[in-house]
Amino acid sequence: MQLQFLGTGAGMPSKERNTSALALKLLEERGTIWLFDCGEATQHQILHTTIRPRKIEKIFITHLHGDHIFGLPGLLSSRSFLGGEDTLTLYGPKGLKEWVQVSLEISSTHITYPIDFVEVEEGIVFEDDQFIVRAMELEHVIPCYGYRIEQKPLPGELLIDKAKELGVPKGPLLGKLKNGEDVTLENGTVVYSNEVTASPKNGFVVTILGDTRVCENAKRLSSEADIVVHEATFDHSTSEHAANYGHSTNIEAAKTAKEANARFLILNHISARFLPADMKKIVVDAKEVFPQLFIANDYDEFVWKNNQLQQDK
Ligand SMILES: [Zn+2]
Ligand SMILES: [Zn+2]
């Protein structure tokens, strides 16, 4: 799994940061990419990456502010031009479906693939045999949701030597055992899957929060998460704006991650008022509260491997 930030700015684009969009790359896990928010020009940002729009399977929208959705009609249209045929599912608050449909209809945009709309409410918004995605409402100036993506436990590895010892021949029986099925050998011996497989491995938990002031639900969604992506629109010197406009500071984000006992924190949604030279202080101050912290810039990619998060450079 990788996380690639396509836009890390707040409110409007700057030369340094485009508006919000984040790709959760699940290419090894399911051959697809999930997008979280789609600010204006997200498709232009994608052109600078290896992401192919037809691989985008789902787009989760946190809230309907322009800096999180104005890139949708263009991206949906290009996905069509680029030969996307698979269904795309769009998750978001009430109003998203109407806005997208009107935008496409009035601009006579013909989409060649089906779009499913899921109106998000608190609770489970998606579940299959690999993943479960939960949403909770945050505290912003309009309805805004955070998402918690949990990968279900992965089957333990097959212990080949053990299987051989028990007389399992090479071939399809090994596959069945690996997938949790018990098998009967030709001589009538039953071999149980749990005898020849290691214990299941925990999957990862990633929490991707939308715009929010400090709130309990941000903490609940982040509880024991491996990775939390949290907005940090403001810093300590501008904290009164954070409270007034439904946003957080770098320190508040760090406190939330700490209180939630999360493992890694990535800050995004950084106001254009901060210059690149200010970033160092923003990071140093927040690290005093929560050391396992990164600040995301556009195009930054983070890799989750062996239970660790690393920035890909
Ligand atoms: Zn925003
Ligand atoms: Zn907002």
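Below, the discussion takes up the sheet that holds strand E1 (residues 2-7). Pairing within the open sheet is mixed, and its 8 strands lie in the order E6-E5-E4-E3-E2-E1-E16-E17. Of all strands in the sheet, those with a lone pairing partner are strand E6 (115-119) and strand E17 (308-312), marking the two edges. Ignoring which end each strand starts from, the neighbouring axes of this sheet average 20° apart. Where E1 meets strand E2 (residues 21-26), 5 bridges bridge the pair, whose relative direction is antiparallel. The residue of E2 that forms the bridge with Gln2 is Lys25.

In this section: the coordination of the zinc ion (ligand 1). Around the zinc ion (ligand 1), the protein contributes the donor atoms Asp67 (OD), His68 (NE2), Asp211 (OD) and His269 (NE2), which lie 2.1 to 2.3 Å from the metal centre. Its 4 donor atoms give the zinc ion (ligand 1) angles of 93 to 164° at the centre, a pattern that matches the irregular case. Along the chain, the residues donating to the zinc ion (ligand 1) are arranged with the sequence spacing D-H-x142-D-x57-H. The distance between the zinc ion (ligand 1) and the zinc ion (ligand 2) comes to 3.4 Å, with Asp211 serving as a donor to both metals. Highlighted residues: Asp211 in the loop between strand E12 (205-208) and helix H8 (216-222) and His269 in the loop between strand E14 (264-268) and helix H11 (279-289), separated in sequence by 58 residues. The buried category is assigned to Asp211, whose relative accessible area is 2%.

All right, on to the packing of aromatic side chains then. For the structure on display, the rule yields 12 aromatic pairs. Between the aromatic rings of Phe294 and Phe302, the centroid separation amounts to 5.1 Å while the plane-to-plane angle is 65°, which identifies the pairing as edge-to-face. Take Phe294 and Phe302: they sit in the same class, and that class is buried. By the ring-pair criterion, three or more aromatic residues cluster together here, those being Trp34, Phe36, Phe60, Tyr91, Phe126, Phe131, Tyr147 and Phe204. The ring of Tyr113 is capped by Arg79, whose NZ or CZ atom sits 4.3 Å from the centre of that ring.

One pass over the full model with this rule turns up 1 cavity of 30 Å³ or more. Roughly 110 Å³ of volume is contained in the largest cavity. Along its surface, the largest cavity is lined by 16 residues, and Ser20, Asp37, Ile208, Leu209 and Asn268 are the ones closest to its centre. Of the residues in the lining of the largest cavity, the class split is 6 nonpolar, 7 polar and 3 charged.

Quick notes on the rules
- Residues numbered from 1 in each chain as written.
- Chains lettered and ligands numbered in written order.
- Predicted model: local features only at pLDDT ≥ 70, side-chain atom pairs only at ≥ 80, totals over all residues.
- Heavy atoms only, no water.
- Pairing = 2+ DSSP bridges.
- Helix = DSSP H or I, 4+ residues; strand = E, 2+ residues; numbered from the N terminus.
- Axes fitted to C-alpha atoms, helices over the stretch in contact; angles between N-to-C directions.
- Donors = N, O, S within 2.8 Å, 3.2 Å for Na, K, Ca; no water.
- Tetrahedral: all angles 85-135°; square planar, octahedral: opposite > 155°, others 65-115°.
- Buried < 20%, exposed > 50% of the residue type's maximum accessible area, 1.4 Å probe, protein only.
- Phe/Tyr/Trp six-rings, centres within 6.5 Å; stacked < 30°, edge-to-face > 60°.
- Lys NZ or Arg CZ within 6 Å of the ring centre and 35° of its normal.
- 1 Å grid on protein atoms, 1.4 Å probe; cavity = no way out; pocket = protein on both sides within 12 Å on 5 of 7 lines; lining within 4 Å.
- Points joined across faces, edges and corners; volume = space filled by probe spheres on them.
- Nonpolar A, V, L, I, M, F, W, Y, C, P; charged D, E, K, R; others polar.

No statement about biological role is implied by the geometric values presented.
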